[in-house]
Amino acid sequence: MSFLVLLLAVSAACCVGFGFVLQQNVAQKAPLSDFLSFRLLLDLMRVPRWLGGIALMVTGMALGAVALGKGEISLVEPLLATNLLFALALSRHQTKQPLGRQGWAGLALLAGGVSAFILAGQPRAGSAVTDPLRHWLIIGAMLGAALLLTTYGKRSRLNWGPVLLATAAGLLYGVQDALTRASSTRFAAGGFPELFTGWQPYGVLVLGVAGLILVQSAFETAPLRMSLPALTAAQPLAGILCGVGFLGDRLHTDTGALAWEASGLAAIVTGIVLLGLHPAMPRGPATEEPVADLQPY
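Rules used throughout
Residue positions within a chain follow its written sequence, with the count starting from 1. Thresholds applied to this predicted model are a pLDDT of at least 70 for local features of residues and 80 or more for the giving and counting of side-chain atom pairs; totals over whole chains, interfaces and linings are not thresholded and use all residues. For side-chain calculations, the full set of non-hydrogen atoms in the structure is used, while hydrogens and water are omitted. Helix numbers and strand numbers start at the N terminus; a helix is a DSSP run of H or I with at least 4 residues, a strand a run of E with at least 2. Both definitions apply: the radius of gyration is a C-alpha atom measure, and the globule rule equals 2.2 Å times residues to the power 0.38. Any residue under 20% of the maximum accessible area for its type is buried, any over 50% is exposed, and the rest in between are partly exposed; the area is computed with a 1.4 Å probe on protein chains only. Any two residues whose heavy atoms approach within 4.5 Å at even a single point are treated as in contact. Calculation of accessible area relied on Shrake-Rupley with a 1.4 Å probe; when residues are assessed, cover is drawn exclusively from the protein chains displayed. We count Lys and Arg on the positive side and Asp and Glu on the negative side, and we leave His and both chain ends out. By convention, the point assigned to a charge is CZ for Arg, NZ for Lys, CD for Glu and CG for Asp. To estimate how far a helix should reach, multiply one less than its number of residues by 1.5 Å. To pair, rings of Phe, Tyr and Trp, with the six-membered ring standing in for Trp, must have centres within 6.5 Å; the planes then decide the type, stacked if under 30 degrees apart, edge-to-face if over 60, and tilted in the middle. Cation placement over rings: the criterion is NZ of Lys or CZ of Arg within 6 Å of the ring centroid and within 35° of the ring normal. Definition used for salt bridges: Asp or Glu carboxyl oxygen within 4 Å of a side-chain nitrogen of Lys or Arg. Only the stretch in contact is used when a helix axis is fitted, and all axes are lines through C-alpha atoms; the angle between N-to-C directions ranges over 0 to 180 degrees. To sort the angles, those under 35 degrees are grouped as roughly parallel, those over 145 as roughly antiparallel, those from 65 to 115 as roughly perpendicular, and the leftovers as oblique. Working rule for handedness: look at the near helix, and if it is turned counterclockwise from the far one by less than a right angle, call the crossing left-handed; if clockwise, right-handed. For this analysis, a polar contact is any N or O atom pair within 3.5 Å, provided that within protein one partner can donate a hydrogen and the other can accept it, and provided that sequence-adjacent residues contribute only side-chain to side-chain pairs.

1. With respect to the overall build of the chain
1) Next: Helix and strand counts for the chain stand at 11 helices and zero strands.
2) Next: Sequence-ordered secondary structure for the chain, helices as α and strands as β, is α-α-α-α-α-α-α-α-α-α-α.
3) Next: The C-alpha atoms of the chain give a radius of gyration of 18 Å, which matches the 19 Å a tight globule of 297 residues would have.
4) Next: Here the C-alpha coordinates of the chain stretch approximately 55 × 45 × 35 Å along the principal axes.
5) Next: The buried share among the 297 residues of the chain stands at 52%.
6) Next: If you take every contact in the chain between residues at least 6 apart in sequence, the share linking residues at least 24 apart comes to 87%.
7) Next: For the chain, the exposed surface amounts to about 13,200 Å²; the carbon and sulfur share of it is 68%.
8) Next: Of note, the chain has its 18 positive side-chain charges centred 6 Å away from the centre of its 14 negative side-chain charges.

Right, dumping it as structure tokens:
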């Protein structure tokens, strides 16, 4: 593994994790009438703390894009999932909750799962699939699943809605990471003319805005512990599927390696859930009436 890729991916995870906490601090106070609406973003833009969270997230996404340009998506995605560790660190600072057995267990499972998957799979570059049908089948399946989850999430927005919306956003962000990698490849091949004549960079932008609306709507209607685990778990799974499915990433596929890879992914998801449900994660005023107006502070 390149030390530069490791440094970029972990730095990206740090920025994204901190950014999510700051965003949720503000989004939980937004009026429910803004749910799943672009107006929600316009209202949140008036609050400096939310803008700071967005600035951190954009910085993290930029660092992640550089990491994706230099390393395989199957390598970078598990490292980006460690954003939950940084989110928990900031939440602990805000809530003064001790880490406890649950926190240490979640940390060990997440870190151990990432290490096991990377060491067993040894992600490496291969030849990207040129068949556009395969691209669109995988991307279409992800987008279709995200649309289905969003539809059901809209109907039950105060029950399981936030979890469904966060999962949908994670799927979109996983596809966005794959398209970011594809855009980096196009740029390396022919510079800006080659980059902007393809549809991939525009797909990155559209998916980014759609994912942001879903995430903020999930943050608005439930505490961070309900939405962030689903978001953090869905993104690397979707990204790895895209990487192996059509970007040409290769993993070891012997029986022992596959067993360790599956165990690593299972440990990552379990660790994410344990950390996301940790008492240090802010509960938010989920049972209270949302304020009618957001006040800048």
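2. Points about helix H10 (residues 224–245)
1) Next: Under the 1.5 Å per step criterion, the end-to-end length of H10 is 31 Å for 22 residues, consistent within 8% with the ideal 32 Å.
2) Next: Most of H10 sits inside the fold, with 18 of its 22 residues counted as buried.

3. Thoughts on the packing of aromatic side chains
1) Next: Counting across every chain of the model gives five aromatic pairs.
2) Next: Geometrically, the ring pair formed by Phe-20 and Phe-219 is edge-to-face, given 5.9 Å between the ring centres and 80° between the ring planes. Taken together, the residues Phe-20 in helix H1 (residues 3–27) and Phe-219 in helix H9 (residues 200–221) connect sequence positions 199 residues apart.
3) Next: For Phe-219, a relative accessible area of 1% translates into the label buried.
4) Next: Three or more aromatic residues joined by ring pairs form one cluster here, namely Phe-187, Phe-192 and Phe-196.
5) Next: Cation over ring: Arg-155 sits above Tyr-152, and NZ or CZ is 5.5 Å from the ring centre.

4. Here we look at the environment of Ala-169
1) Next: Here Ala-169 is to be found in helix H8 (residues 161–196).
2) Next: Ala-169 sits 19 residues away from Thr-150 along the chain, and the two C-alpha atoms are 8.8 Å apart.
3) Next: Every residue in contact with Ala-169, bar those within four places of it in the chain, is listed here: Gly-211, Leu-214, Val-215 and Leu-231.

5. A word on the pattern of salt bridges
Side chains that differ in sign of charge can pair as their charged atoms come close.
1) Next: Tallying each qualifying case throughout the model produces three salt bridges.
2) Next: Put simply, Asp-43 and Arg-46 hold a salt bridge, and the shortest N to O gap is 3.7 Å.
3) Next: Exposure remark for Asp-43: the relative accessible area of 18% places this residue in the buried category.
4) Next: Here Arg-181 ties to Asp-249 by a salt bridge, and the two come within 3.8 Å at their closest N and O atoms. Taken together, the residues span a long stretch of sequence, with Arg-181 in helix H8 and Asp-249 in the loop between H10 and helix H11 (255–276) at a distance of 68 residues. Of the two residues, Arg-181 and Asp-249, both sit in the buried class.

6. Side note on the packing of helix H4 (residues 73–80) against H8
Two numbers describe a pair of packed helices, the interaxial angle and the distance between the axes.
1) Next: Where H4 meets H8, the closest approach of the two axes is 11 Å, and the angle between their N-to-C directions is 135°. Taken as axis vectors, H4 and H8 run oblique relative to one another. Note that H4 runs across H8; the crossing there is right-handed. Taken together, the residues of H8 that come into contact with H4 (itself represented by Ile-73, Glu-77 and Leu-80) are Gly-174, Asp-177, Ala-178 and Arg-181.

7. Looking at H4
1) Next: Burial analysis of H4 places eight of its eight residues in the buried class, which makes it a mostly covered element.
2) Next: What H4 keeps buried is the set Ile-73, Ser-74, Leu-75, Val-76, Glu-77, Pro-78, Leu-79 and Leu-80.

8. A short note on unusual backbone geometry
1) Next: A positive phi angle is found at Gln-122, which is not glycine, with a value near 45°.
2) Next: Accessibility expressed as a relative area gives 38% for Gln-122, which makes it partly exposed.

9. Quick word on the environment of Gln-28
1) Next: Secondary-structure assignment places Gln-28 in the loop between H1 and helix H2 (38–44).
2) Next: Each C-alpha atom, one on Gln-28 and one on Ser-217, is 8.8 Å from the other, the two residues being 189 residues apart in sequence.
3) Next: A polar atom in the side chain of Gln-28 sits 3.4 Å from the backbone oxygen of Asn-25.

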